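One letter stands for each residue in the lines below.
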Amino acid sequence: MEISVKVGRPQNQKSGCLLFAACAGRRHSTLLQEYDAASNGRIGQAIKRQQFTGKSGELLQLPPAEGVRGVRIVVVGLGAEKTVSGEHLRQAVGRAIDQLTLLHEESLTVVAGSFAVRNLPMEQRAEILTEGALLAAYRFDRYRTPGKTPAPVPPRRLQLLVPSAGERKAAEAGVAAAQAVSHGAMLARDLVNEPGNVKSPVWLAGQAETMARAAGIECTILGQAELEQEKMGAMLGVAQGSEREPRLIILRYQGGGANARPVALVGKGVVFDAGGISLKPAAGMEEMKMDMAGGAAVIGALQAAATMRLPCNLVGIIPAVENMPSGTAIRPGDILTAQSGKTIEVQNTDAEGRLILADALNYVRRYKPQVVIDLATLTGACIVALGHHATAVLGNDQRLVNELLKAGEASGERLWQLPLWEEYAAQIDSKVADIKNTGGREAGTITAAAFLGKFTEDLRWAHLDIAGTAWEEKGRPCYPFGGTGVGVRLLLRYLRDRG
Ligand code: BES
Ligand code: MN
Ligand code: ZN
């Protein structure tokens, strides 16, 4: 999407589509009022006629008319002024983009001044508005023959209209930040949406390398032989059922001092999760191409951090494997030895995410990270607990968890904490090994985290279970069908706020 900032008044727009915002109860912002006066009260009349109330997400549309120089007007509701949040703004723009897509509009001019809520400075406002537009206009259409499958195309141009020259700089800074972060999120979406036949661990490693080269960061890939040398027995155990070799992807961004300890980001990279010998049911299995969404978020976040030149050091680790049933696959009852030396009884081969993460979380120690954050589509139980509206967060460091919770609120990618009390760990005691890889039906998200916790003792660590938030089944404002890119915006908010 082509994005620009323009200083001017909406009355001077000659073509395209103008988007205003309006709050419930106070439906006329000053800008909207002025515009209404200049267009003979057309908008005021339409508000009355269409009973537009300004509640969140509500749309009012006026087709282009002669008197107003052929401009289409859209007014989007933000809800009651007191309750308007950044997320309301983001979704308001997303709603408008969806509508304009159906109307085949090619460009959109957002009247940024009308989105003035609770003294949100122009820089942040521009960032949120741009982010909402970019996220909403995303499509994964690489495999659709152009013209043959007539899906309406989202607007290609976005113009932010700011009231005064003094605000141009701030708006442009906001646009640049939004582009960096959103491109990271869209890269993550692209990777998640790619089908399993294309998406081997080797392919994913290649994508990480391509990103790293373009962003000017370091990328190292460990192959089968190196993983064997490293004695990563848990990860190798999962990989042995697939014809496709595993890869450990290591990304490093050095934006801070040479000796500053990095923030470590670890992402589950199961390119397809058939369940292994503990095979998943057929219904819905196609969705399991998204089981590398944690890894995709790490790749997207490193790209965004590098683009923004954040003043910190980062290390991203993605264990990439495929979980398949076969004659060489691990069996229920097998015992694996992880890199840390712990032995693991495999009770269910479908609990593979925690196996590969056990080795990745242990591997990351060599970078002496300040904190470790892992992201994983780890448990179906997380969807039972929180549905699709929150990522679960658990960890052994409440300060880190609190910082992540805050970043979740600010970014719109919300988190909800589950307890990680030691009592839960009893559920993963094994009779034949140090631990087993399942904890029974109860508290499945927590026992999975407790398993990871066995490999992060004495690290400051938080785990994000994104099973419910990595994939959008229906499509809603800012989230078209498919991968959501969850984690990228959250992590960037967290990293930027740390300074
Ligand atoms: N990748 C799945 C979890 C998942 C399920 C993610 C649905 C997204 C949507 C994970 O590998 C898995 O299969 N977990 C099992 C664990 C169980 C065997 C202890 C699960 O949740 O059923
Ligand atoms: Mn699984
Ligand atoms: Zn999985």
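Reading the values: rules and limits
Residues numbered from 1 in each chain as written. Chains lettered and ligands numbered in written order. Predicted model: local features only at pLDDT ≥ 70, side-chain atom pairs only at ≥ 80, totals over all residues. Heavy atoms only, no water. Helix = DSSP H or I, 4+ residues; strand = E, 2+ residues; numbered from the N terminus. Rg over C-alpha atoms; globule rule 2.2 N^0.38 Å. Buried < 20%, exposed > 50% of the residue type's maximum accessible area, 1.4 Å probe, protein only. Contact = heavy atoms within 4.5 Å. Areas by Shrake-Rupley, 256 points an atom, 1.4 Å probe, with all protein chains shown as cover. Axes fitted to C-alpha atoms, helices over the stretch in contact; angles between N-to-C directions. Left-handed = near helix turned anticlockwise from the far one by under 90°. Nonpolar A, V, L, I, M, F, W, Y, C, P; charged D, E, K, R; others polar. Domains from an automatic or database assignment. Buried area = accessible area lost by both parts, 1.4 Å probe. Salt bridge = Lys/Arg side-chain N within 4 Å of Asp/Glu carboxyl O. Polar contact = N/O pair within 3.5 Å; in protein donor to acceptor, adjacent residues only side chain to side chain. Pairing = 2+ DSSP bridges.

Along the backbone of the chain there are 14 helices and 20 strands. Its C-alpha radius of gyration of 24 Å places the chain within 12% of the 23 Å reference for a compact globule of 499 residues. Projected onto its principal axes, the C-alpha coordinates of the chain cover approximately 80 × 50 × 40 Å. Per-residue burial over the chain gives 58% buried out of 499 residues. For the chain, the proportion of contacts with a sequence separation of at least 24, taken over those separated by at least 6, is 77%. Accessible surface, the chain as shown: approximately 20,500 Å² in total, 50% of it carbon and sulfur.

Looking now at the packing of helix H4 (residues 122-136) against helix H5 (residues 168-193). Close contact between H4 and H5 brings their axes to 7 Å; oriented N to C, the two are set at 30 degrees. The way H4 lies across H5 gives a crossing that is right-handed. Its residues assigned to classes, the contact of H4 with H5 comprises 13 nonpolar, four polar and four charged.

Once that is clear, we can look at the domain arrangement of the chain. When its domains are assigned, the chain resolves into domain 1 (2-162) and domain 2 (186-498). Spacing between the C-alpha centres of domain 1 and domain 2 amounts to 37 Å. Domain 1 puts 17 residues into the contact, and the matching count from domain 2 is 17 residues. Across the domain 1/domain 2 interface, buried area totals approximately 1,500 Å², and carbon plus sulfur atoms make up 56% of it. Of all residues in domain 1, Leu135, Tyr138 and Phe140 give up the largest surface area on contact with domain 2, accounting jointly for 41% of the area buried on that side. Our count for the contact surface shared by domain 1 and domain 2 stands at three salt bridges. One salt bridge in this structure joins Arg489 and Glu131, with 3.2 Å as the shortest N-O distance. In this structure, the connection of domain 1 to domain 2 is made through eight residue pairs in polar contact (both at pLDDT 80 or more). Secondary structure elements with two or more residues in the side of domain 1 that touches domain 2: helix H3 (86-102) and H4.

Here we have six strands laid out as an open sheet, ordered E1-E6-E5-E2-E4-E3, and mixed in their pairing. Looking along the sheet, the strands with just one partner apiece sit at the ends: strand E1 (2-7) and strand E3 (59-62). On average, adjacent strands in this sheet sit at an angle of 25 degrees to one another, irrespective of strand direction. The pairing of E3 with strand E4 (residues 72-80) spans four bridges and is antiparallel. Bridging across to E4, Leu62 finds its partner in Ile73. In the packing of helix H1 (residues 30-38) onto the sheet, the strands contacted are strand E2 (17-24), E4 and strand E5 (107-111), and the crossing angle to E2 comes to about 125 degrees. On top of the sheet, H3 reaches E2, E3, E4 and E5; it is set at about 150 degrees to E4, its chief contact.

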